[in-house]
Amino acid sequence: MDSDSDSAASHVSSTPPRIPNPKPFPRSQHKRKSTPKSQPFPSPPPSSGDPSINSLHGLPLKIHRSSSSDHHRSTSFSTLFKARRPAFDPSDLQSIVDLSPPKKPTLPERVDPSKLHRNWIPSSAPPELPQKRLRFSSEGNFVRLNINGYGRRYSFKNGRKGKKPLRFRKRSGKPRTKSAGENEIEMGCLEEEEEESCLGDSQMQGRSSGLDSGRFEEAIVAAREDPSEVNLLELLRLVYGHSSFRDGQLEAIQKVVAGESTMLVLPTGAGKSLCYQLPALILPGVTLVVSPLVALMVDQLKHLPSVIPGGLLSSNQTNEEASATLDKLREGKIKVLFVSPERFLNEGFLSVFGSTIISFVAVDEAHCISEWSHNFRPSYLRLRASILRAKLNVKCMLAMTATATSKTLQEIMRALEIPAVNLIQTCQIRDNIQLFVISSGNRLKDLLMLMKSSSLVDKQSVIIYCKFQVETDMVTKYLCDNNILAKGYHSSLPARDRNRIQELFCSNKIRVVVATVAFGMGLDKSDVDLVIHYSLPESLEEYVQKTGRAGRDGRLSFCHLLLDDLTYYKLRSLLYSDGVDEYAINKLLCEIFSDGIVQDGHASSLVKESASRKFDMKEEVLLTILTQLELGDVQYLHLLPQLNVTCTLYFHKTPPDLLSKKDILIATIMKKSETKQGYFVFDIPTVANTVGITPTDLLNKLKNLKLLGN
Ligand SMILES: Nc1ncnc2c1ncn2[C@@H]1O[C@H](COP(=O)(O)OP(=O)(O)OP(=O)(O)O)[C@@H](O)[C@H]1O
């Protein structure tokens with residue numbers, strides 16, 4: 001029997017609310033003033049997984065009805081199920097139904113396994129890993145990658161593969177100092193892995209890195225007992241080879257080691273990673289690092305010092321890869337676990353930790369928590385101190401961001417219950433950057449004049465930011481026509497071209513790149529000496545982030561902004577186009593509650609793409625509203641992880657008529673299915689509700705039938 005779920009839908013189920021019989025929604029309560037800035041999802045690539053189980057995305061929502069007496073009709077979303085390729089969290093479905101044989105991580109050819117680094121990412125990772133924070137989808141919304149869960153699959157193991165190509169090296173003014181651990185780790189961590197499990201955390205780390213394990217262990221114990229500057233410096237030297245802390249690092253590390261939740265705002269490239277890595281090493285247990293992008297997680301995992309074994313759980317992993325990570329976690333072989341925020345929707349994931357101690361949760365790109373930030377992400381709403389405490393017994397949180405307004409900071413700190421005194425913030429604009437604004441009537445002409453001006457003509461590394469892709473093409477051509485060689489860069493270019501441009505720029509073979517916001521995330525270049533904003537950035541945070549790409553080597557650098565009325569009004573109108581009105585929200589709420597999508601104790605589904613069209617609101621907005629309905633003062637529903645809603649079955653062995661006599665599930669499927677060329681196509685929540693089981697149980701049962709060869 002093959003199953004192929006192929007509909008984009010969301011999952012809704014009802015369980016008793018926290019407060020019984022909550023009042024109906026007063027109109028004013030649901031009004032939203034603004035919505036997250038985002039753009040439509042790009043088309044996902046064709047599925048490369050098990051063809052028998054193709055799936056589509058939907059909001060994996062489990063909605064809980066507030067009162068059983070309120071529902072009128074059962075779920076009826078069949079008209080909403082439209083076939084689209086996967087943009088869901090495949091790990092959730094795969095964990096249930098993917099029966100393909102476990103894929104063993106393959107070692108790269110001609111690589112001596114004994115020379116692999118602990119954090120090596122095996123060859124199932126793309127040969128050309130995206131640079132840190134590279135935007136994969138439509139520009140302007142880097143949070144999208146994880147929501148959809150598409151992209152290439154990575155296999156995540158604790159090991160590092162030889163030397164990285166130039167483009168993947170970490171940005172730094174100076175060449176990155178190799179820690180003692182890194183040097184040693186190249187010499188055979190795999191051989192030692194078998195024995196490691198019986199060693200303690202620090203023994204294991206010290207030993208596998210080849211450090212003097214006694215000294216290393218002593219340094220950890222000393223820092224744990226007394227996180228003084230001296231003790232932490234000793235550890236810093238031993239692990240990273242650095243001789244001093246940068247601004248904000250010591251304070252942040254001390255607070256986290258002391259178990260105090262902390263808000264850390266440091267500019268990009270200032271060394272935030274170290275602020276969770278050292279405490280993770282010092283404290284017993286596992287540290288969870290929540291990160292919004294798979295590419296970011298992969299990058300951070302790769303850059304973990306070898307003495308900090310890491311792991312990763314992402315939507316791009318196969319079932320086997322995720323299981324391997326979980327096994328390591330259970331065996332105590334992971335100190336830092338990178339997870340996407342969507343994981344916190346999944347009760348299965350939360351239960352994995354069981355008796356595992358979580359030392360603290362580090363929230364990277366913490367501004368995604370705030371609806372007022374430049375990159376709000378609904379799934380980050382789930383990262384609340386109260387939830388983390390209740391579900392994972394975590395008491396300490398470290399929120400990290402490079403740019404946040406005070407309003408955003410307030411929201412983050414409120415959500416994570418970080419006391420005001422624990423805000424550590426250094427200046428977000430470097431002293432060596434000079435900022436200029438030029439009021440312009442003709443931006444093209446002014447740009448050319450600027451580029452040819454005596455003060456800027458010798459600048460060696462220049463980024464010109466445009467708002468729209470078409471502008472980048474036009475500006476690039478104009479500059480080239482005027483004897484300034486430039487390359488355009490935007491997210492619609494093929495990934496290979498983008499990587500190539502970034503690589504050539506990083507190696508100073510291209511002087512000028514004209515780019516949209518897609519260029520720069522994870523850009524590993526310290527000597528950018530001129531950033532020009534051809535178009536106004538959308539927000540101050542975006543401006544700070546982009547200008548922060550200049551002058552990282554400490555040399556005097558320049559940032560110019562061309563300001564013109566036309567762009568200002570255009571951007572302002574686009575800002576309003578992101579809004580959603582009360583009418584649309586009420587329509588959605590009526591559909592969910594009054595029209596009876598939700599039945600008590602039942603899972604129901606909402607197809608996110610079609611619902612988004614129907615209610616004229618972006619998918620992120622839809623998800624935000626549903627998340628608020630769950631996490632608000634009254635729990636009206638319970639969201640489930642994204643799930644494929646439509647399933648297609650084919651019976652190989654036993655005829656379905658025969659099976660249905662023995663199995664009520666098959667009987668129900670036959671009753672509720674449409675048949676297409678011998679395939680049975682049905683709605684998972686509808687069948688699950690009819691039989692009285694959860695969608696997960698249903699998929700498990702199908703999996704068993706498949707195992708039996710049916
Ligand atoms: N105390 C230190 N001394 C010397 N180098 C350091 C120190 N702390 C961090 N670094 C180096 O600074 C570089 C940037 O660090 P890191 O990637 O942690 O910055 P970040 O703030 O996380 O940047 P981003 O915002 O881009 O993620 C790394 O190469 C790291 O090794």
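What you see is a predicted model, and the numbers here were worked out from it, not measured in a lab. (Residues numbered from 1 in each chain as written. Predicted model: local features only at pLDDT ≥ 70, side-chain atom pairs only at ≥ 80, totals over all residues. Heavy atoms only, no water.)

(A) A look at the pairing of strand E15 (residues 486-489). One ladder, built from 4 bridges, connects E15 with strand E16 (residues 512-515); its direction is parallel. Bridge assignment links Ala486 to a residue of E16, and that residue is Val512. Each parallel crossover has a hand, and for E15 linked through helix H17 (residues 495-506) to E16 it is right-handed. (Pairing = 2+ DSSP bridges. Helix = DSSP H or I, 4+ residues; strand = E, 2+ residues; numbered from the N terminus. Right-handed = clockwise from strand over helix to strand, strands pointing away.)

(B) Focus on the pattern of salt bridges. Inspection of every chain in the model, using the stated rule, returns 14 salt bridges. Here Arg330 and Asp327 are joined by a salt bridge, their closest N and O atoms 3.0 Å apart. Of the two residues, Arg330 and Asp327 both sit in helix H11 (residues 319-330), 3 residues apart, roughly one turn of that helix. Taking relative accessible area as the criterion, Arg330 reaches 53% and is therefore assigned exposed. (Salt bridge = Lys/Arg side-chain N within 4 Å of Asp/Glu carboxyl O. Buried < 20%, exposed > 50% of the residue type's maximum accessible area, 1.4 Å probe, protein only.)

(C) Summary view of the nonpolar core. Counting 45 residues, the largest nonpolar core has Leu235, Phe245, Tyr276, Leu278, Leu281, Phe338 and Leu398 as its most contacted members. Elements with a contribution of two residues or more to this core: helix H6 (213-225), helix H7 (229-240), helix H8 (249-257), helix H9 (273-282), helix H10 (294-302), strand E9 (336-339), strand E10 (358-363) and strand E11 (397-401). Apart from the residues lying within four places of it in its own chain, the contact partners of Phe338 are Tyr276, Val289, Met297, Gln300, Leu301, Leu304, Gly311, Leu312 and Leu313. Counting 38 residues, the second largest nonpolar core, distinct from the first, contains Met263, Val339, Leu350 and Met413. (Core = buried A, V, L, I, M, F, W, Y, C linked by side-chain atoms within 4.5 Å. Contact = heavy atoms within 4.5 Å.)

(D) Region of the structure containing the sheet that holds strand E6 (residues 262-265). Read across the sheet, 7 strands follow the order E8-E9-E7-E10-E11-E6-E12 without closing on themselves; strand pairing throughout is parallel. In the strand order of this sheet, the two ends are held by strand E8 (310-313) and strand E12 (423-425), each with one partner. Strand-to-strand twist across the sheet, computed as the mean angle between neighbouring axes with direction ignored, equals 20 degrees. In the sheet, strand E7 (residues 286-290) pairs with E9 via 4 bridges, with the strands oriented parallel. Residue Thr287 lies in a different strand from E9, and its bridge partner there is Val336. (Axes fitted to C-alpha atoms, helices over the stretch in contact; angles between N-to-C directions.)

(E) Expanded view of H9. Across the 10 residues that make up H9, a large majority, 9, are buried. Taken together, the buried positions of H9 are occupied by Leu274, Cys275, Tyr276, Gln277, Leu278, Pro279, Ala280, Leu281 and Ile282.

(F) Quick peek at the confidence of the model for the protein. Taken over all residues, the pLDDT of the protein has a mean of 71, while the share at 70 or more is 67%. Taken element by element, the predicted model of the protein shows its lowest mean pLDDT in helix H2 (residues 144-148) (25) and its highest in strand E14 (residues 462-465) (97). Low confidence marks residues 1-208, where pLDDT is under 50. Its contacts with residues over four positions away, or in another chain, come to 676 contacts. Listed scores for the predicted complex are pTM 0.62 and ipTM 0.97. (pLDDT = per-residue confidence, 0-100.)

(G) Inspection of the environment of Glu503 at higher detail. Examined against the element boundaries, Glu503 turns out to sit in helix H17. Given the relative accessible area of 22%, Glu503 is considered partly exposed. Residues Glu503 and Leu523, spaced 20 residues apart in sequence, show a C-alpha to C-alpha distance of 9.5 Å.

(H) Broad picture of the packing of aromatic side chains. Applying the stated criterion across every chain yields a total of 6 aromatic pairs. Measuring from centroid to centroid gives 5.5 Å for Phe505 and Phe519, while their planes differ by 70 degrees, and the two rings are edge-to-face. Remark: Phe519 occurs in the loop between E16 and strand E17 (530-533) and Phe505 occurs in helix H17; sequence separation between them is 14 residues. For Phe519, a relative accessible area of 0% corresponds to the buried category. One aromatic cluster is present, built from ring pairs that chain together Tyr489, Phe505 and Phe519. Taking NZ or CZ as reference, Lys525 lies 5.2 Å from the ring centre of Phe505, over its face. Looking at Lys546, its charged tip hangs above the ring of Tyr465, at a distance of 4.7 Å from the centre. (Phe/Tyr/Trp six-rings, centres within 6.5 Å; stacked < 30°, edge-to-face > 60°. Lys NZ or Arg CZ within 6 Å of the ring centre and 35° of its normal.)

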